[in-house]
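# Secondary and tertiary structure notes
Take a look at the letters that make up each chain.
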Amino acid sequence: MELEYKNKKTRRDFFKAAGIFTGGVLFATLLKPYKSLAYKLHEGETSNVWYGIGIDIEKCIGCGRCANACKNENDVPREPFYFRNWVEQYTIKNDGEVIVESPNGGIDGFTQSIPDEDIYKSFFVPKLCNHCYKSPCEQVCPVGATYRSPEGIILVDEEYCIGCRYCVQACPYGCRFIHPKKKVASKCTYCYHRVKKGLNPACMDACPTGARIFGNLRDKSGPLAEFLKEHNCHVLKPHLNTGSKLYYNGLNMEVK
Amino acid sequence: MPKQLQRILLLLSILVIIFIGLRHYLIPESFGELGHYRANSLLDNEAHIPKYLGNDFCIDCHDSEASLLTIGKHSKIKCETCHGPGFKHVESNEKVDIILPSGRDFCGLCHSLNKARPINKVKQVDIKEHNIEETECINCHNPHEPWN
């Protein structure tokens, strides 16, 4: 008799506890998405900072110190095919042939493989992530590991990236690679850790001729806005409508 | 309510509870707060330590070189452009933790003759021919006070 009574009580307790538990879980889980709903309400509001980079090709002397500084600052693997930032040497021959060279990204310097009398024109083009505001890489990421920060910087969440290489394929500028050790996508971050501390990206400070200008596009009296005002700049592959924020002064039409 | 409908509703509600519960544990903290990504990842990206420190750190000890560099053609170049990142050297003060560039090729990165290099921006010599008896450029040219 007593045993039966005990059993009855336990069953009621069990249901009670189970009810409280499931209710609690449901309540907690229902609270969580509200944060993203709150974000949706504010989406589209513009922030005061919106970073971009200007590059003056007429000033670039092809020393490759930007590519070197980037590798040092961000621990990019030193092998010659992992670059967040590199320099290309374009040589247009008299017969119209275009030769593009980038030995080790320009870190070890450039030599001209074409004899001077055959050269119609030659110049350097530094390249890095365009931090597009309609970036293809961000759109194709299946897990939301690539994203645009509120400052307009395209970043990778290394903890969340599954290393599927979709973004590497999607980038029309070839600015991404899979980190050989971490097995996640890796790319230029505009040195986010430096920018947040009020410093310039490492490649900007390393440039000896001031060919690179980093700045806030929304600050109309800032260095980048001034640069864009004074020079007629172009972006790479404008027909792809990527919303690139990497502006070149003196960009030759042969540059792809 | 017919009994079969009751059973189906019960089953459905259990499935919904399981789904919501799983979702709670599978979606990481701070996901969606700023968009379709983990907002805490911004902090992860911010956490790296800068390695290039800027001229102000160098000037504290190397004031004679710094004063030389206020004038002349190299005055706009940062110390760390040639000497590499200074974060280790600032802590240890050891010579091995900073780069002391030597050899003709290093100067040649900027100054070797190349058709692609704008001639009005940088002085160029053919490093294969220019004074080839000398192995070091810095024996004649002081990089902190280059000849005009």
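About the criteria used
Each chain has its residues counted from 1, following the order in which its sequence is written. Here every chain gets a letter starting at A, and every ligand a number starting at 1, in the order they are written. A pLDDT threshold of at least 70 governs which residues receive local features in this predicted model, and a stricter bar of 80 or more applies before side-chain atom pairs are shown or counted, although totals over entire chains, interfaces and linings include all residues. For side-chain calculations, the full set of non-hydrogen atoms in the structure is used, while hydrogens and water are omitted. In this analysis, strands are considered paired if DSSP registers two or more bridges between them. Numbered from the N terminus, helices here are DSSP runs of H or I no shorter than four residues, and strands are runs of E no shorter than two. Convention adopted: a line fitted to C-alpha atoms gives each axis, helices being fitted over their contacting stretch, and angles between N-to-C directions are expressed from 0 to 180 degrees. Residue contacts follow a heavy-atom distance rule, with two residues in contact if any of their heavy atoms lie within 4.5 Å. For the purposes of this section, nonpolar cores are sets of buried Ala, Val, Leu, Ile, Met, Phe, Trp, Tyr and Cys residues that join through side-chain atoms within 4.5 Å. The buried label goes to any residue with under 20% of its type's maximum accessible area, the exposed label to any with over 50%, and the partly exposed label to all in between, with areas taken from a 1.4 Å probe on protein chains only. We define a salt bridge as a side-chain nitrogen of Lys or Arg found within 4 Å of a carboxyl oxygen belonging to Asp or Glu.

The next thing to look at is the sheet that holds strand β2 (residues 85-93) of chain A. Within a sheet, each strand pairs with its neighbour through backbone hydrogen bonds, oriented either parallel or antiparallel. Residues and elements named next belong to chain A. If you walk across this open sheet you meet the three strands as β3-β2-β4, and the pairing is antiparallel. A single partner strand is all that each edge strand has here, and the edge strands are β3 (98-101) and β4 (119-128). Recorded for the sheet is a direction-independent mean angle of 20° between the axes of neighbouring strands. Of the strand pairs in this sheet, β2 and β4 are connected by nine bridges, and their pairing is antiparallel. Among the inter-strand pairings, N85 is bridged to a residue of β4, identified as L128.

Moving on, we get to the sheet that holds strand β9 (residues 212-216) of chain A. Residue and element names in this part refer to chain A. The sheet built from four strands is open, its strands ordered β9-β1-β11-β10 with mixed pairing. Each of the sheet's edge strands pairs with one partner strand only, and the pair in question is β9 and β10 (233-234). Sheet topology note: the strand β1 (residues 51-56)/strand β11 (residues 246-249) ladder contains four bridges and is parallel. What sits directly across from I53, in β11, is L246. Strands in contact with helix α8 (residues 223-230) are β1, β9, β10 and β11; relative to β1, the strand with the most contacts, it is inclined by about 45°.

Residue and element names in this part refer to chain A. Core analysis: the largest hydrophobic core is formed by 43 residues, its most contacted members being I53, Y190 and Y248. Contributing elements (two or more residues each) for this core: β1, α3 (65-74), β2, β4, α6 (192-195), α7 (202-206) and β11. When neighbours within four sequence positions are excluded, Y190 is seen to be in contact with Y51, G52, I53, L128, C129, H131, I153, V195, P201, F214 and K245. Judged by nonpolar contacts, the second largest core, of ten residues, contains C137, I178, V184 and A185.

For the rest of this paragraph, the subject is the pattern of salt bridges. All names here are of chain A. Following the criterion strictly, the structure yields 13 salt bridges over all chains and no others. In this structure, E88 engages K127 in a salt bridge whose closest nitrogen and oxygen atoms are separated by 3.1 Å. One end of the pair, E88, is in strand β2; the other, K127, is in strand β4, with 39 residues separating them in the sequence. Residues E88 and K127 agree in their burial class; the two are buried. Among the ionic pairs, K229 bridges to E226, the shortest N-O distance being 3.9 Å.

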